[in-house]
Protein chains: 2
Amino acid sequence: MAMPSVPSDSGANATTHVFRKTYRQGSRPDLRVPAREVQLTNGRTVTLYDTSGPYTDPAQPTDVRRGLPPLRDPWIVQRGDTEEYPGREPRPEDDGLRHTSPRGGLRNLDAVFPGRPRRPRRGRDGRAVTQLAYARRGEITPEMEFVALRENLDPEVVRAEIAAGRAVLPANVNHPEIEPMIIGKRFLVKVNANIGNSAVTSSIEEEVDKMTWATRWGADTVMDLSTGRNIHTTREWILRNSPVPIGTVPLYQALEKVDGKAEELSWDVYRDTVIEQCEQGVDYMTVHAGVLLRYVPLTARRKTGIVSRGGSIMAAWCLAHHQESFLYTHFEELCEILRAYDVTFSLGDGLRPGSIADANDEAQFAELRTLGELTQIARRHEVQTMVEGPGHVPMHLIKENIDLQQEICDEAPFYTLGPLTTDIAPGYDHITSGIGAAMIGWWGTAMLCYVTPKEHLGLPNRDDVKTGVITYKIAAHAADVAKGHPGAQQWDDALSDARFEFRWEDQFNLALDPDTARAFHDETLPAEPAKTAHFCSMCGPKFCSMKISRSITEQFGDDGAGDGEDAIREGMLAKSAEFAAQGNRLYLPLAD
Amino acid sequence: MAMPSVPSDSGANATTHVFRKTYRQGSRPDLRVPAREVQLTNGRTVTLYDTSGPYTDPAQPTDVRRGLPPLRDPWIVQRGDTEEYPGREPRPEDDGLRHTSPRGGLRNLDAVFPGRPRRPRRGRDGRAVTQLAYARRGEITPEMEFVALRENLDPEVVRAEIAAGRAVLPANVNHPEIEPMIIGKRFLVKVNANIGNSAVTSSIEEEVDKMTWATRWGADTVMDLSTGRNIHTTREWILRNSPVPIGTVPLYQALEKVDGKAEELSWDVYRDTVIEQCEQGVDYMTVHAGVLLRYVPLTARRKTGIVSRGGSIMAAWCLAHHQESFLYTHFEELCEILRAYDVTFSLGDGLRPGSIADANDEAQFAELRTLGELTQIARRHEVQTMVEGPGHVPMHLIKENIDLQQEICDEAPFYTLGPLTTDIAPGYDHITSGIGAAMIGWWGTAMLCYVTPKEHLGLPNRDDVKTGVITYKIAAHAADVAKGHPGAQQWDDALSDARFEFRWEDQFNLALDPDTARAFHDETLPAEPAKTAHFCSMCGPKFCSMKISRSITEQFGDDGAGDGEDAIREGMLAKSAEFAAQGNRLYLPLAD
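Per chain, residue numbering runs from 1 following the sequence as it is written. Chain letters and ligand numbers both follow the written order, the letters beginning at A and the numbers at 1. Local features are withheld for residues below a pLDDT of 70 in this predicted model, meaning they are given only at 70 or higher, and side-chain atom pairs are given and counted only at 80 or more; totals for whole chains, interfaces and linings count all residues. The basis for the side-chain values is all heavy atoms of the structure; hydrogens and waters are excluded.

A short note on the overall build of chain A
To be explicit about the condition: Put simply, DSSP H or I for four residues or longer makes a helix, DSSP E for two residues or longer makes a strand, and each gets a number counted from the N terminus. Exposure is judged per residue with a 1.4 Å probe applied to protein chains only, and the accessible area is read against the type maximum: over 50% gives exposed, under 20% gives buried, and values in between give partly exposed. Contact between two residues is taken to exist if any of their heavy atoms lie within 4.5 Å; hydrogens are not considered.
Looking only at helices and strands, chain A has 20 helices and 15 strands in total. Here chain A holds 592 residues, and the buried ones make up 69% of them. The contacts of chain A with a sequence gap of at least 6 include a subset with a gap of at least 24, amounting to 74%.

The following block contains the structure:
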């Protein structure tokens, strides 16, 4: 295989709209929290949360072959509770290459990430180096201060939420490149984008590009769900270039190491894979430890059985061995590993419903109760923990999911896939699920795993990734507004102001997707003057309701409406006379 | 202007998937209710609600120059309560042509609809010929029987819901071409698609094509919101070719007749326009009679003032004349007109919020109370009535909208635009609003007015119309499932069965949009065998959770799971041994 031609332009700079990367300065010089500042034509600015990393900062040249700067290194080193060590030697099978492959067992060195040399780091003497451990000790880490500034909240709120297990701050000590973010119901609802090649299609460069592209549009975390060849190498490229936390399902890689034979999986193979990924810097891992042997038969009468890949692998393993899975029996040992790197658990819902007919059934909730037990065990080991949720759930059954999860898992952050509210629309499952995602986000879900239009049909390409992220940012933001998150509605208000005042350029630049907004407008009215004209193609110049309405505002604005109904009527009479005196001109001249 | 080149293939037959048009026979030979039958590869069939009209029936050749057959004519004539009459003579200004235009005031005869000659019909001696009047008399009309068969409900339920004013069956006696449908909370949630040219862009043929295209994808009604030139002629083409009820906002055309000068509008001009449209066959009309003079100042402090076109026109009129609008003062006279044709009121929400900041405010709910009063007046005149709703509403304020409307308007059907749950995503407002639409549909809204991706930016093209309709069909169906509408979930179940059993062709054909589902699948795995293979590109052949899950179902199927936990475990042991004896093969051969 040739050197992967990772594009030098990651695509992050390919948009044309006007915003400026700004930073809020924290208590130490190296603590600078990025934000996106939209400069309006009326001289004001609007500052938005920004997940895109250094790629959108012209002052920070980036090179995907070198990776992003390890921002957090000084913070981690200064805590003095970690040590570098030689680490595990990479092996051919890490990339899915057989010992007996025609390449003679040699690693596919061409694709090796060429960036800075690094040795893995872990907690000294097995101690917990997790944000949860620090928070419980009352310590506000730079990571906590970072997310507090990012969310406009008191750092103490961040610390308290993490300490209580109500929020997680995924930040592996071996992923110093990230800009810290937080997942918890008191914070902005977050969005995860899944990427990953499979045995059938896709390549390393495509996946790296999807990662930068997804974060460009607002993905707060990215899961690398690669299967097939080059898993290790793909992940290395992604991690070294990712400004957001990276999640994985280690089971997928472990299965590759045993040639896809689930029954040959073992704790040893799995443990080795987890350590490999901890050392690389994976920030959170989905672990399907809640699939118990006795739950498997509960799925037999389902319409769609087990649809989680991890869940079905573990179910097959349980059947083959007729015993509880190694994930469950070795769970405490797993906690010991994760706490040494500060890898966050994402307790997988292996038995989530795959059709609305199967929603909220016995299998699903039996597993949820086990996830509740595992949450408590993980917390005892000071490992940060969130819990995954469905899946396919009709609207009237959604609330029960978040309510039960919060009760059973003692308010651990909920992280749901959708849910899809109907099964009838393959090709549009970003929408069937975006509906459910907005609702469950409003009701307390902390992170939403996106669904792309290709769900159930194929692997998402670049456009699908963008559509999935944008759809889920809509769901997350609608939830933030409905939850009354401080400041969330300011964005809506700024855009609505621009719309009402015919500031088209501001409307585009404030849009979640400025490129599409501008392109759609220009499709009908491409001429430059139309962007400042007081009408648009929906109504034409004579018919514009916004314009009529603006003239009403001008008549009854702040000097009339606030003075009680009588005063208003008097004002109206006077203003109506004025109106008539002007010749009843309802429509301001276009030049206005 | 040349003869409009209305496409001979309306686009309705342009799709490739396999379904058969079927008809359910009613109590009389000419009462045949269309449905769409999907033939599955396992020999079963699934029957779906179908709005596409004769265009998708190969046995019924259609010609847009002749129009659809007037199916309901015998039903209307046999009731014996209507009469034909000469009708109003069309005038140049009906099509927005000035008397002093360079064309010398001649009508644009080239574009005149060439189909069968017809004379308008109306109730004899001013009597009410409305479905409401018949329902109150205890009569089950062929129209009611038609919708009962269409929705799998007892005709008496249909009659009772109409009689109580909880449902409307829009069916102008001058639009005999329609296949009757019903709008009410006990029935399937309906979707309206807006089309219409404007002064800036679009043409007659495009609008007719959008109508057939929208109904092809599931639009239950279509509103023609044309402004500018050729309004009358465009509407004639649409009506004569539409299998679904057509709605309008007569105010738009009336305004054209007074050269866009709102203050020159009068009851006479408006009344003349309403009669013109009643005679043509418009089935329901949006009337913004709830915009009272004293409400206008309530909008002055809003973020986005008045965003309804009709609302802003009436507000401007009220200001110019300093009196209540002619829509309000002549409302009873309007009722007398509409009852003679069975045109349904859609009481417009002229003061709906145009930004989430303005949701549920005093102006909005003041108007709603007036709409409640007008609903009672309309009912006294035996005019069918529904009520329009917002708009832009954050999720936590949506439920109050439907609850208040149902209370204030005595359960008259609610017909909402979205609502949009956030303002930040121009270019994606089908999604921001699809979220709100699904929720408000679940809570009792009877019809959802679609929003396309072009909302706020430009006029929808053919692709936008399709995206808008599909998005809203998803919202409506998700609502039907959540409401527990009888039979709604069968569609989901059939598709999920096909998915679980790897019947790819069935999955495509059952999809809301078979073309897109198939295209997305083929993008990754185009080869024909892949459509029957037991895997797809998401996981590849080794990793498929559905396949693993299916082998679990085969082991613990109906002979195991039903017999209590002990029996299950015994069965498991036996089955596990069997599993091992087969060599622990988790993955069935691909040929399987």
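So, next bit.
Points about the state of the cysteines
One way to say it: the disulfide is the covalent bond shared by the sulfur atoms of two cysteines. What counts here: In plain terms, two cysteine sulfur atoms within 2.5 Å form what is called a disulfide here.
Taken as a whole and judged by the stated rule, the model has 0 disulfides over all chains. Of the cysteine sulfurs around Cys409(A), a residue in no disulfide, the closest is that of Cys335(A), at 14 Å. Cys335(B) supplies the cysteine sulfur nearest to Cys278(B), a cysteine that is in no disulfide, at a spacing of 12 Å.

Regarding helix H12 (residues 362-380) of chain B
Side chains that are three or four residues apart share a direction in an α-helix, a result of its 3.6 residues per turn. All names here are of chain B. In plain terms, the rule: A helix is expected to span 1.5 Å multiplied by its residue count minus one.
Between its first and last C-alpha, H12 extends 28 Å over 19 residues, near the 27 Å set by a 1.5 Å rise per residue. H12 sits mainly inside the fold: 14 of its 19 residues count as buried. Glu382 lies just past H12 and shows a positive phi near 60°.

A short note on the pattern of salt bridges
All names here are of chain B. For the record, the criterion: The term salt bridge refers to a side-chain nitrogen of Lys or Arg lying within 4 Å of a carboxyl oxygen of Asp or Glu.
Going through the model one piece at a time under the given rule, you end up with 89 salt bridges over all chains. Of the charged contacts in the structure, one is a salt bridge between Arg122 and Glu83, with a shortest N-O distance of 4.0 Å. Pair noted here: Arg122 is in strand E5 (residues 121-123) and Glu83 is in strand E4 (residues 82-84), with a separation of 39 residues, a long-range link. Taking the relative accessible area as the measure of exposure, Glu83 reaches 24% and is therefore partly exposed. In this structure, Arg91 and Asp272 form a salt bridge, with 3.3 Å as the shortest nitrogen-oxygen distance. Taken together, the residues Arg91 in the loop between E4 and E5 and Asp272 in helix H8 (residues 267-280) connect sequence positions 181 residues apart. Relative accessible area serves as the criterion here: at 17%, Asp272 is assigned to the buried category.

Notes on the sheet that holds strand E11 (residues 284-287) of chain B
Residue and element names in this part refer to chain B. Basically, it comes down to this: Strand pairing requires that DSSP identify at least two bridges connecting the strands. Lines fitted to the C-alpha atoms define the axes, with helices restricted to the stretch that makes contact. Angles between their N-to-C directions range from 0 to 180 degrees.
In spatial order, the strands read E8-E9-E10-E11-E12-E13-E14-E15; together these 8 strands close into a barrel with parallel pairing. Pairs of neighbouring strands in the sheet enclose a mean axial angle of 25°, with direction left out of account. Where strand E12 (residues 344-347) meets strand E13 (residues 385-389), 3 bridges bridge the pair, whose relative direction is parallel. Pairing of Leu347 across the sheet is with Val387, part of E13.

What about the packing of helix H13 (residues 398-408) of chain A against helix H14 (residues 429-442) of chain A?
All names here are of chain A. Filter applied, for reference: Roughly parallel refers to an angle under 35 degrees, roughly antiparallel to one over 145, roughly perpendicular to one between 65 and 115, and oblique to any angle outside these ranges. Handedness of a crossing follows from how the near helix is turned relative to the far one, being left-handed for an anticlockwise turn of less than a right angle and right-handed for a clockwise one. Side-chain classes are defined by residue name, with Ala, Val, Leu, Ile, Met, Phe, Trp, Tyr, Cys and Pro counting as nonpolar, Asp, Glu, Lys and Arg as charged, and the others, Gly among them, as polar.
Following both chains from N to C, one finds H13 and H14 inclined at 40°, their axes separated by 9 Å at the closest point. One element, H13, and the other, H14, form an angle in the oblique class. Remark: the crossing between H13 and H14 carries right-handed chirality. Of the residues in H14, those touching H13 at Ile398, Asn401 and Ile402 are Gly436, Met439 and Ile440. Looking at the contact of H13 with H14 residue by residue, the class counts come to 4 nonpolar, 2 polar and no charged.

What to know about the UniProt feature "domain: ThiC-associated" (unreviewed entry) in chain A
What counts is decided by this rule: UniProt positions are given in the numbering used here, feature names are shortened, and annotations may be inferred rather than shown by experiment.
UniProt tags residues 20-83 of chain A as "domain: ThiC-associated" (unreviewed entry). Overall, residues 20-83 of chain A shows 11% helix and 33% strand. The separation of its end C-alpha atoms is 38 Å.

Quick look at the confidence of the model for chain A
Residues and elements named next belong to chain A. Rules: Every residue gets a pLDDT, meaning the predictor's confidence in that residue, from 0 to 100.
Residues of chain A with pLDDT of at least 70 account for 82%, and the chain-wide mean is 87. Scored below 50 in pLDDT, residues 99-109 shows 18 contacts in the model against residues more than four places distant or in partner chains. Residue range residues 584-592 is modelled with pLDDT below 50. Its contacts to residues more than four positions away, or to other chains, number 23 contacts. Reported for the predicted complex are a pTM of 0.90 and an ipTM of 0.90.

Regarding the environment of Pro243(A)
All names here are of chain A. In this structure, Pro243 sits in the loop between helix H6 (231-241) and strand E10 (246-248). Residue Pro243 is classed as buried on the basis of its relative accessible area, which comes to 1%. In this structure the C-alpha to C-alpha distance between Pro243 and Arg302, which are 59 residues apart in sequence, comes to 40 Å. Leave out the neighbours within four places in its chain, and Pro243 touches Thr51, Ser52, Gly53, Pro54, Tyr55, Leu68, Glu177, Ile178, Glu179, Met211 and Thr215.

Describing the environment of Ile178(A)
Residues and elements named next belong to chain A. The topology assignment puts Ile178 in the loop between strand E6 (167-168) and strand E7 (183-184). A C-alpha to C-alpha distance of 9.2 Å links Ile178 and Arg240, two positions 62 residues apart in sequence. Residues within four places of Ile178 in sequence aside, it is in contact with Leu71, Arg72, Pro170, Ala171, Ser242, Pro243, Val244, Pro245 and Asp283.

Observations concerning the pairing of strand E3 (residues 45-49) of chain B
Residue and element names in this part refer to chain B. Bridge count for strand E2 (residues 32-39) against E3 is 5 bridges, and the pairing is antiparallel. Paired with Glu37 across the two strands is Thr47, which belongs to E3. With antiparallel pairing between neighbouring strands as the criterion, E2 and E3 make up a hairpin whose turn holds 5 residues, including Gly43 at a positive phi of roughly 90°.

Describing the pairing of strand E14 (residues 414-417) of chain A
Residues and elements named next belong to chain A. Applicable threshold: By convention, a crossover is right-handed whenever its connection, traced from the first strand over the helix to the second and viewed with the strands pointing away, goes clockwise.
Going residue by residue along E14, you find Phe414 and Thr416 tucked away on one face and Tyr415 and Leu417 tucked away on the opposite face as well. One ladder, built from 3 bridges, connects strand E13 (residues 385-389) with E14; its direction is parallel. Bridged to Glu388 within E14 is Tyr415. Each parallel crossover has a hand, and the one from E13 via H13 to E14 is right-handed. Here E14 pairs with strand E15 (residues 447-449) via 3 bridges, running parallel. Within the sheet, the bridge partner assigned to Leu417 lies in E15 and is Cys449. For the handedness criterion, the β-α-β arrangement of E14, H14 and E15 is classed as right-handed.

Quick notes on the sheet that holds E2(B)
All names here are of chain B. Here we have 3 strands laid out as an open sheet, ordered E1-E2-E3, and antiparallel in their pairing. A single partner strand is all that each edge strand has here, and the edge strands are strand E1 (20-25) and E3. Between one strand and the next, the sheet's axes are offset by a mean angle of 40°, whatever the strand orientation. Alignment of E1 against E2, held across 6 bridges, turns out to be antiparallel. Note on E2: the bridge partner recorded for Tyr23 is Pro34. Relative to E2, helix H3 (residues 142-151) is tilted by about 15°, and along the sheet it contacts E1, E2 and E3.

Examining the packing of aromatic side chains
To keep it simple, the criterion reads: Put simply, two rings from Phe, Tyr or Trp (the six-membered ring, in Trp's case) pair if the centres are within 6.5 Å, and we call them stacked under 30 degrees between planes, edge-to-face over 60, tilted for the rest. Only Lys NZ and Arg CZ are tested; either one counts as a charge over a ring when it is within 6 Å of the ring centre and within 35 degrees of the ring normal.
For the coordinates displayed, the defined rule picks out 20 aromatic pairs over all chains. Note on Tyr270(B) and Phe326(B): the rings are 5.7 Å apart at their centroids and 50° apart in plane angle, and the pair reads as tilted. Taken together, the residues span a long stretch of sequence, with Tyr270(B) in helix H8 and Phe326(B) in helix H10 (residues 326-329) at a distance of 56 residues. Exposure remark for Tyr270(B): the relative accessible area of 1% places this residue in the buried category. With 6.0 Å between their ring centres and 40° between their planes, Trp504(B) and Phe508(B) make a pair best called tilted. You can see Trp504(B) and its partner Phe508(B) sitting in helix H17 (residues 504-510), 4 residues apart, about one turn around the helix. Classification of Trp504(B) by relative accessible area gives buried; the value is 4%. An aromatic cluster of at least three residues, connected via ring pairs, comprises Trp267(A), Tyr270(A), Trp317(A) and Phe326(A). Its guanidinium or amino end placed over the ring of Tyr23(A), Arg32(A) lies 4.1 Å from that ring's centre, counting from NZ or CZ.

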